[in-house]
Amino acid sequence: SGIVYDSEKSTIQTVYDLSISNATIPESVTVIADCAFAKCQNLTEVSIPDSVLNIGDYAFYACNRLTTLNFGNGVTHIGYGAFRDCTKLLSVTIPEGITNIDLWTFSMCSALTEVAIPASVTEIKNNAFYNDSNLTTVYFGGAEEQWKKIKMEDGNIALLRADIIFNQQSATYIPGDADGDGKLTSADARIALRAAVGLKEAGDVEKDSAGYLACDVDGDGKVTSADARLILRASVGLEDASKFGKR
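Everything numeric in this text was worked out from a predicted model, so none of it was measured.

Engineer: Just checking my understanding: could you explain the nonpolar core for this structure?
Structural biologist: Nonpolar side chains tend to gather and get buried jointly when the protein is soluble and globular. Phe37, Ile55 and Ile117 are the most contacted members of the largest nonpolar core, which has 51 residues in total. Those elements giving two or more residues to this core turn out to be strand S1 (3–5), strand S2 (11–15), strand S11 (114–117), strand S13 (137–140) and helix H2 (157–161). Within the second largest apolar cluster, 15 residues are counted, among which are Ile191, Val217, Leu230 and Phe244.

Written as structure tokens, this is what we have:
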């Protein structure tokens with residue numbers, strides 16, 4: 001596979017075959033070391049399993065054909081410059097649990113158009129998104145008040161210029177998935193019902209946010225109790241969610 005591990009196969013130390021195009025990372029891995037995949041210029045897709053906790057500095061630096069990046073739910077640290085100069089990377093969903101986005105982490109990602117930042121993030125360090133000139137949309141997992149409290153250092157003008165969509169946990173959402181957690185549950189139906197009657201409290205969606213628009217599963221341009229009913233039925237398998245938004 002061209003990947004070098006430690007003796008317990010828990011750390012990816014380096015890659016000696018820089019021509020690899022797809023990295024299959026086993027569930028035994030908890031650490032991807034500094035510079036491990038740096039300059040793997042044929043690498044197009046990376047899926048990081050839930051077992052990985054730590055991604056080292058410059059771990060995927062200059063993987064300039066990387067288009068698809070999927071983080072597992074276990075990642076708690078992404079090192080500085082980890083994805084710098086990944087010039088074909090289109091979209092990133094940073095996992096919940098990350099509290100700071102380090103120096104240069106996603107800088108010079110010139111194709112990046114959208115990024116999802118979880119509500120757990122409290123600090124975005126210098127140049128984390130430097131020169132990401134095509135970044136147009138940021139999905140933030142928390143409310144606008146939380147966003148304003150993030151300590152954002154210099155060199156992140158791309159974030160300031162982008163459209164911010166609040167209370168949305170990922171860059172893509174399932175129709176009916178009002179809370180953006182990737183699945184349809186009775187909680188989504190409750191949010192839709194409250195939106196339908198204009199009630200609002202912590203955890204509810206803002207009107208015209210991505211979560212609010214996701215509630216309109218019957219595609220009639222508004223959120224009503226009928227949408228809430230459809231979402232509830234889909235959450236227990238009584239409705240085909242693949243038809244949502246196509247009525």
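Engineer: Is there a simple way to think about the pairing of S13 in this case?
Structural biologist: Residues Thr137 and Tyr139 line one face of S13 and the alternating positions Val138 and Phe140 line the opposite face, and both faces are buried. For S11 and S13, the ladder comprises four bridges, and the chain directions are parallel. If you follow alanine 116 over to S13, its bridge partner there is tyrosine 139. Sheet analysis places S13 next to strand S15 (residues 163–166), joined by four bridges and oriented parallel. Looking at S15, one finds that phenylalanine 140 is bridged to phenylalanine 166.

Engineer: Where do I start with the pattern of salt bridges in this structure?
Structural biologist: Note on pairing: side chains with opposite charge can pair once their charged atoms come close. Applying the stated criterion to the full structure yields six salt bridges. The closest approach of N and O atoms between glutamate 239 and arginine 233, which form a salt bridge, is 3.3 Å. Bridged by salt links that share partners, the residues Glu123, Lys151 and Glu153 form one connected network.

Engineer: For this particular structure, what's the right way to read the environment of serine 47?
Structural biologist: By the secondary structure assignment, serine 47 is in strand S5 (residues 45–47). Taking C-alpha positions, serine 47 is 24 Å from threonine 136, a pair spaced 89 residues apart along the chain.

Engineer: Even after reading the chapter, I still don't get helix H5 (residues 225–235), so can you show me in this structure?
Structural biologist: Every α-helix winds through 3.6 residues per turn, so residues three or four apart in the chain are directed the same way. Within H5, burial applies to Asp227, Ala228, Leu230, Ile231 and Ala234. Seen along its axis, H5 keeps its buried residues to an arc of 160°; they face one direction. Two residues or fewer past H5, glycine 237 is found with a positive phi of approximately 85°.

Engineer: Explain the environment of cysteine 109 to me, please; I cannot follow it from the model alone.
Structural biologist: The residue cysteine 109 is located in the loop between strand S10 (100–101) and S11 in this model. A relative accessible area of 0% places cysteine 109 in the buried class. It is 40 Å that separates the C-alpha atoms of cysteine 109 and threonine 224, two residues lying 115 residues apart in sequence. For cysteine 109, the contacting residues outside a window of four places in its chain are Phe83, Cys86 and Asp132.

Engineer: Would you mind going over the sheet that holds S1 with me for this structure?
Structural biologist: Sheets are built from strands paired through backbone hydrogen bonds, the pairs being either parallel or antiparallel. Overall, mixed pairing links the five strands, which are arranged S1-S2-S4-S6-S8 in an open sheet. Edge positions in the open sheet fall to S1 and strand S8 (77–78), since each of these has one partner strand only. Both S1 and S2 contribute to a ladder of three bridges, which runs antiparallel. When the sheet's bridge partners are listed, isoleucine 3 is paired in S2 with valine 15.

Engineer: I would appreciate a short explanation of unusual backbone geometry in the present structure.
Structural biologist: Negative phi is the rule for most residues except glycine; trans is the rule for most peptide bonds. Although it is not a glycine, cysteine 35 adopts a positive phi angle of roughly 65°. When you line up the elements, cysteine 35 lands in the loop between strand S4 (31–32) and S5. The class for cysteine 35 is partly exposed, based on a relative accessible area of 41%. Not every positive phi belongs to a glycine, and alanine 62 is a case in point at roughly 60°. Here alanine 62 is to be found in the loop between strand S6 (54–55) and strand S7 (68–70).

Definitions and limits used
- Residues numbered from 1 in each chain as written.
- Predicted model: local features only at pLDDT ≥ 70, side-chain atom pairs only at ≥ 80, totals over all residues.
- Heavy atoms only, no water.
- Core = buried A, V, L, I, M, F, W, Y, C linked by side-chain atoms within 4.5 Å.
- Buried < 20%, exposed > 50% of the residue type's maximum accessible area, 1.4 Å probe, protein only.
- Helix = DSSP H or I, 4+ residues; strand = E, 2+ residues; numbered from the N terminus.
- Pairing = 2+ DSSP bridges.
- Salt bridge = Lys/Arg side-chain N within 4 Å of Asp/Glu carboxyl O.
- Arc of directions from axis to C-beta.
- Contact = heavy atoms within 4.5 Å.

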